[in-house]
Amino acid sequence: MQKHSSLSPANAHNNIAVAMASSNAYAKFLCVLLASIRSNSSVRNNYDIIVLSDGISSENQKVILQEVQEKNVMVRFVDAHAWLENKSLYTARHLSRTTYLRLAVVDILSNYDKVIYLDCDLVVNRDIGELFATDVSGYMVAAVKDTVMGGWCCQK
């Protein structure tokens, strides 16, 4: 596992950068997400997958790598504990400290021009490279509305 630092793209050409954050508690969901990316990958692309790890065990990392590694799919685990240290983070119900790691993408992946961030509890049913090819020139962030989170936030 790499330590928290600014990473560089894994591939010089057709690099599809995808990041997600996970803890050991979500390792099974993470494995499903990564397998779905691999299953829908194109041989034309190189998939640079960065997992911001909040304590994923070396055993779980090994299992995940065995399940998803392909010639054109590279999975790297980044120890994100240093980014989380000394931060006062609100946690309750569905918000854990791992949730905040999506904010670390800007720091840890600052050498990338573009990165897709995915929550690890989803399945990709098409080549993620198609989404990566979307022109977002002139935008700092492109995102979709999280209706589930909106529903939780509006509960009384």
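In case you missed it, the structure is sitting above this.
Residues numbered from 1 in each chain as written. Predicted model: local features only at pLDDT ≥ 70, side-chain atom pairs only at ≥ 80, totals over all residues. Heavy atoms only, no water.

**Q** Teacher, can you tell me more about the packing of aromatic side chains here?
**A** How two aromatic rings sit relative to each other is given by the distance of their centres and the angle of their planes. The tally for this structure, following the rule as stated, stands at one aromatic pair. Between the aromatic rings of Y26 and F29, the centroid separation amounts to 5.2 Å while the plane-to-plane angle is 40°, which identifies the pairing as tilted. Residue classification places Y26 among the partly exposed residues on the basis of a relative accessible area of 40%. Note that K114 overlies the ring of F132, its terminal NZ or CZ placed 5.0 Å from the centroid. (Phe/Tyr/Trp six-rings, centres within 6.5 Å; stacked < 30°, edge-to-face > 60°. Buried < 20%, exposed > 50% of the residue type's maximum accessible area, 1.4 Å probe, protein only. Lys NZ or Arg CZ within 6 Å of the ring centre and 35° of its normal.)

**Q** Would you mind showing me how to read the packing of helix α1 (residues 27–39) against helix α2 (residues 58–68) here?
**A** When two helices pack together, their arrangement is captured by the angle between the axes and the distance separating the axes. Running from amino to carboxyl end, α1 crosses α2 at an angle of 20°, the nearest separation of the two axes being 9 Å. Relative to α2, the element α1 is oriented roughly parallel. Between α1 and α2 lies a crossing of right-handed hand. Packed against α1, whose contacting residues are A27, L30, C31, L34, A35 and R38, the element α2 presents N60, I64, E67 and V68 at the interface. Partitioning the contact of α1 with α2 into residue classes produces seven nonpolar, one polar and two charged. (Axes fitted to C-alpha atoms, helices over the stretch in contact; angles between N-to-C directions. Helix = DSSP H or I, 4+ residues; strand = E, 2+ residues; numbered from the N terminus. Parallel < 35°, antiparallel > 145°, perpendicular 65-115°, else oblique. Left-handed = near helix turned anticlockwise from the far one by under 90°. Contact = heavy atoms within 4.5 Å. Nonpolar A, V, L, I, M, F, W, Y, C, P; charged D, E, K, R; others polar.)

**Q** Please clarify how the pairing of strand β2 (residues 15–23) should be interpreted in this entry.
**A** Two faces make up the sheet, and in a regular strand the side chains alternate between them. Within β2, nine of the nine residues are buried, leaving the element largely enclosed by the surrounding structure. By the alternation rule, side chains of β2 split into N15, A17, A19, A21 and S23 and I16, V18, M20 and S22, which are all buried. As paired elements, β2 and strand β3 (residues 46–54) share nine bridges and run parallel to each other. Paired with S22 across the bridge in β3 is S53. What joins β2 to β3 is α1, and the crossover it makes is right-handed. (Pairing = 2+ DSSP bridges. Right-handed = clockwise from strand over helix to strand, strands pointing away.)

**Q** Explain unusual backbone geometry here, please?
**A** Backbone geometry follows two general trends: most residues other than glycine have a negative phi, and most peptide bonds adopt the trans configuration. Here the phi dihedral of N14 falls at roughly 50°; this positive angle occurs in a residue that is not glycine. On the basis of relative accessible area, N14 is assigned to the partly exposed category, the value being 47%.

**Q** Please explain the pattern of salt bridges as it appears in this structure.
**A** If the charged atoms of two oppositely charged side chains come close together, the side chains can form a pair. Tallied over the full model, the rule gives three salt bridges. The closest approach of N and O atoms between D48 and R76, which form a salt bridge, is 2.9 Å. Taken together, the residues D48 in strand β3 and R76 in strand β4 (residues 73–79) connect sequence positions 28 residues apart. Like R76, D48 is buried. We note a salt bridge from E130 to R126, for which the minimum N-O separation is 2.6 Å. For E130, a relative accessible area of 43% translates into the label partly exposed. (Salt bridge = Lys/Arg side-chain N within 4 Å of Asp/Glu carboxyl O.)

**Q** Before we go on, may I ask you to explain the nonpolar core in this structure?
**A** Where a protein is soluble and globular, its nonpolar side chains tend to be buried together. Membership of the largest hydrophobic core comes to 38 residues, with the highest contact counts inside it found for L34, I37, I49 and L52. Residue assignment for this core shows that the elements contributing at least two residues are β2, α1, β3, α2, β4, α4 (105–108) and α5 (128–132). Among all residues touching I49, those that are not within four sequence positions of it are V18, M20, L34, I37, V73, M74, V75 and R76. (Core = buried A, V, L, I, M, F, W, Y, C linked by side-chain atoms within 4.5 Å.)

**Q** Teacher, can you tell me more about the environment of L118 here?
**A** Mapped onto the elements of the fold, L118 is located in the loop between β5 (116–117) and α5. Taking the C-alpha atoms as reference points, L118 and L33, separated by 85 residues in sequence, lie 9.0 Å from one another. Apart from the residues lying within four places of it in its own chain, the contact partners of L118 are V18, A19, M20, L33, I37, V124 and I128.

**Q** Help me understand α2 in this model?
**A** Given 3.6 residues per helical turn, the α-helix brings residues three or four places apart onto the same face. Regarding α2, the residues found buried are Q61, I64 and V68. Down the axis of α2, the buried side of the element spans an arc of 65°, and every buried residue falls inside it. In this structure, α2 carries S58, E59, K62 and Q66 as exposed residues pointing more than 90 degrees from its buried face. (Arc of directions from axis to C-beta.)

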